[in-house]
Amino acid sequence: MVIRVPERQIGQNYADVTAAVRALADDFGLRVIVDGSPNSLPPELLTTKRQTVIDVEPMSKEQIQSIPELKGLIDFLKNHNLDEPVWKVLGGSPADYLKLKEYVNENLLLYDAKSNEVVDQVKNHVHSVLSHSLNKNVFKSSSNTDNIIKIFKEKK
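This write-up is about the structure you can find in this document.

Cut-off values and rules
Residues numbered from 1 in each chain as written. Predicted model: local features only at pLDDT ≥ 70, side-chain atom pairs only at ≥ 80, totals over all residues. Heavy atoms only, no water. Axes fitted to C-alpha atoms, helices over the stretch in contact; angles between N-to-C directions. Helix = DSSP H or I, 4+ residues; strand = E, 2+ residues; numbered from the N terminus. Parallel < 35°, antiparallel > 145°, perpendicular 65-115°, else oblique. Left-handed = near helix turned anticlockwise from the far one by under 90°. Contact = heavy atoms within 4.5 Å. Nonpolar A, V, L, I, M, F, W, Y, C, P; charged D, E, K, R; others polar. Core = buried A, V, L, I, M, F, W, Y, C linked by side-chain atoms within 4.5 Å. Buried < 20%, exposed > 50% of the residue type's maximum accessible area, 1.4 Å probe, protein only. 1 Å grid on protein atoms, 1.4 Å probe; cavity = no way out; pocket = protein on both sides within 12 Å on 5 of 7 lines; lining within 4 Å. Points joined across faces, edges and corners; volume = space filled by probe spheres on them.

### Focus on the packing of helix α4 (residues 83–90) against helix α5 (residues 94–103)
Part 1 of the reasoning: Axis separation between α4 and α5 bottoms out at 10 Å; the angle between their running directions is 125 degrees. Looking at the two axes, α4 sits oblique to α5. The handedness of the crossing between α4 and α5 is right-handed. Note on element contacts: α5 touches α4 through D96, Y97 and L100, opposite V86, W87 and L90.
Part 2 of the reasoning: Split into classes, the residues belonging to the contact of α4 with α5 amount to 5 nonpolar, no polar and 1 charged.

Next up, the structure:
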C-alpha cells in the first residue's frame, strides 16, 4: 500500500501518518510505502528501526529526456533551443516537467504552425517558476517582510 504525504507548508504540522502506517502494517500485515519528502514526514515515523528509507535524488538530464511521456515536450524544447534553459530552471524533477507539459497545450506540440504560441507558454511557465522561487525567498528573508510588502502595496 502506498500512502502519499503532501508537502507541508511553513508552520503547518506534519501529516499524522505514523499511527496509520503502524496499524496497516501490524493489524493487517501490509507492507506500507510512504511517499513523501523529509519536510512532510514526522520524525517519529523514522524512529521504529523497522523502516527502510530510500532517498530519491533528482534525475539527470538524460534520464528526464528518456521518459516516454515527455518525448513530445522534450522534442519541442530541443527543436526550439529551449531544452537547456528549461533544464536549468526545472532541474531533475520529472514532476516539474509534467507540470510544464500540463501547462503547455499538448495538442500544439504536434503542430509547428503554432510553435510561437507554445514557446510563449513555455517561457511564461519558466518565468512563473522563477518568480515563485524568488518570492518564496523574499518572504523568508526577514520577519518584517510582510509589513514591508504591505507598505509597498498601500503606497504603490
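### Quick look at the nonpolar core
Part 1 of the reasoning: Judged by nonpolar contacts, the single largest core of 18 residues is most densely connected at I64, L70, L77, V86, Y97, L100 and V122.
Part 2 of the reasoning: Those elements giving two or more residues to this core turn out to be α3 (71–79), α4, α5 and α6 (115–140).
Part 3 of the reasoning: Once you skip the residues sitting within four places of it in the chain, L100 turns out to touch L73, L77, V86, L90, V122 and H125.

### Comments concerning the layout of surface pockets
Part 1 of the reasoning: Approximately 2000 Å³ is the volume attributed to the largest pocket.
Part 2 of the reasoning: Within the residue set of the lining of the largest pocket, elements represented by two or more residues are α1 (18–28), β2 (33–35), α5 and α6.
Part 3 of the reasoning: When the residues that make up the lining of the largest pocket are grouped by side-chain class, the tally is 19 nonpolar, 12 polar and 13 charged.
Part 4 of the reasoning: The calculated volume of the second largest pocket comes to roughly 190 Å³.

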